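The residues making up each chain are set out below.
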Amino acid sequence: MKKSKSLAAILVVVASFALVLAGCSSSSNKGTSKNDSSKASMQNAVQHKSAKEVLTSNKNLWYMNGSINYKSKSGIDAYRFNRKNHTVTIYSVNKMYKTYDQAKKANDLDKQGTLKYAFKNNSDNNPVIYMKGKLSDIPMHQTVSVKDTVSGKNHDANLSVTGYKVVRNLDDDPATQVWVTPKN
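Residues numbered from 1 in each chain as written. Predicted model: local features only at pLDDT ≥ 70, side-chain atom pairs only at ≥ 80, totals over all residues. Heavy atoms only, no water.

1. As for the pattern of salt bridges
Consideration 1: With the rule as written, the count across this model stands at 3 salt bridges.
Consideration 2: Asp124 is the salt-bridge partner of Lys52, the closest N and O atoms lying 4.0 Å from each other. One end of the pair, Lys52, is in helix α2 (residues 51-57); the other, Asp124, is in the loop between β4 (110-119) and β5 (128-135), with 72 residues separating them in the sequence.
Consideration 3: On the accessibility criterion, Lys52 (16% relative accessible area) is buried.
Consideration 4: Take Asp124: its relative accessible area is 42%, and that puts it in the partly exposed class. (Salt bridge = Lys/Arg side-chain N within 4 Å of Asp/Glu carboxyl O. Helix = DSSP H or I, 4+ residues; strand = E, 2+ residues; numbered from the N terminus. Buried < 20%, exposed > 50% of the residue type's maximum accessible area, 1.4 Å probe, protein only.)

Structure below.
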């Protein structure tokens, strides 16, 4: 009898402990999901704003490459929009940086040129951006058609990035690319 009372007492203690842990876990998960969704909305502006707004209001660099982890021998094209005067400055960089200031501090902004940009259609989420000007003193034009959202991690720079799958038509030569910026 004494043995069964001891066993019952142990089971009650274990069950109580399990209930307490389950309750803590449940409330912890509820708090986490709220925090995660607010973090996600702040970190991934791509999902909550139109593509036009995200591309032109972000003061950071937008990296265009064959894929998020594409290895380029000649560098990565990095775009920085100026919404006030409708220009985009294109740089060549060796890697992705978390911020424009980090790329500047690393002295890794090889300016290729500044182009005027305009939207060729009225779509907010799938805009077609027309860019015209000179790169390295050579006249050029390109069209970038925004398709779908994309996100992932650039392993070389250890950065989580978000952006768009695009088709870049440079001098009538279309190529599928990704156009991404680091998550905040």
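2. Focus on the confidence of the model for the chain
Consideration 1: Across the chain, pLDDT averages 80, with 74% of residues at or above 70.
Consideration 2: Residue range residues 5-45 is modelled with pLDDT below 50. Its contacts to residues more than four positions away, or to other chains, number 6 contacts. (pLDDT = per-residue confidence, 0-100. Contact = heavy atoms within 4.5 Å.)

3. Here's the deal with the sheet that holds strand β7 (residues 159-170)
Consideration 1: Strand order in this closed barrel of 8 strands is β1-β2-β3-β4-β5-β6-β7-β8, and the pairing throughout is antiparallel. On average, adjacent strands in this sheet sit at an angle of 35 degrees to one another, irrespective of strand direction.
Consideration 2: Two strands pair when backbone bridges link them, and strand β6 (residues 138-154) and β7 are joined in this way by 12 bridges, in the antiparallel orientation. By the bridge assignment, Thr149 is partnered in β7 with Tyr164. (Pairing = 2+ DSSP bridges. Axes fitted to C-alpha atoms, helices over the stretch in contact; angles between N-to-C directions.)

4. Describing the side chain of Asn154
Consideration 1: Examined against the element boundaries, Asn154 turns out to sit in strand β6.
Consideration 2: Reaching out from Asn154, the side chain makes a polar contact with the backbone nitrogen of Ala157 at a distance of 2.9 Å.
Consideration 3: Ignoring anything within four residues of it in the chain, the contact list for Asn154 reads Ile68, Asn69, Met96 and Leu159. (Polar contact = N/O pair within 3.5 Å; in protein donor to acceptor, adjacent residues only side chain to side chain.)

5. Points about the pairing of β4
Moving residue by residue along a regular strand, the side chains alternate between the two faces of the sheet.
Consideration 1: Direction of pairing for strand β3 (residues 87-93) relative to β4: antiparallel, over a ladder of 6 bridges. For Tyr91, the partnering residue across the bridge sits in β4 and is Lys111.
Consideration 2: Bridge count between β4 and β5: 5 bridges; the pairing is antiparallel. Looking at β5, one finds that Phe119 is bridged to Ile129.

6. Regarding the nonpolar core
Consideration 1: Among the nonpolar cores identified, the biggest contains 19 residues, and Leu55, Trp62, Tyr79, Phe81, Met131, Tyr164 and Trp179 are the most heavily contacted of them.
Consideration 2: Elements that contribute at least two residues to this core include exactly α2, β1 (62-65), β2 (76-82), β3, β4, β5, β6 and β7.
Consideration 3: Not counting residues within four places of it along the chain, the set of residues in contact with Phe81 comprises Leu55, Thr56, Asn58, Trp62, Thr87, Val88, Tyr117, Met131 and Trp179.
Consideration 4: Counting residues in hydrophobic clusters, the runner-up holds 18 residues, among them Ile76, Ala78, Ala103 and Val161. (Core = buried A, V, L, I, M, F, W, Y, C linked by side-chain atoms within 4.5 Å.)

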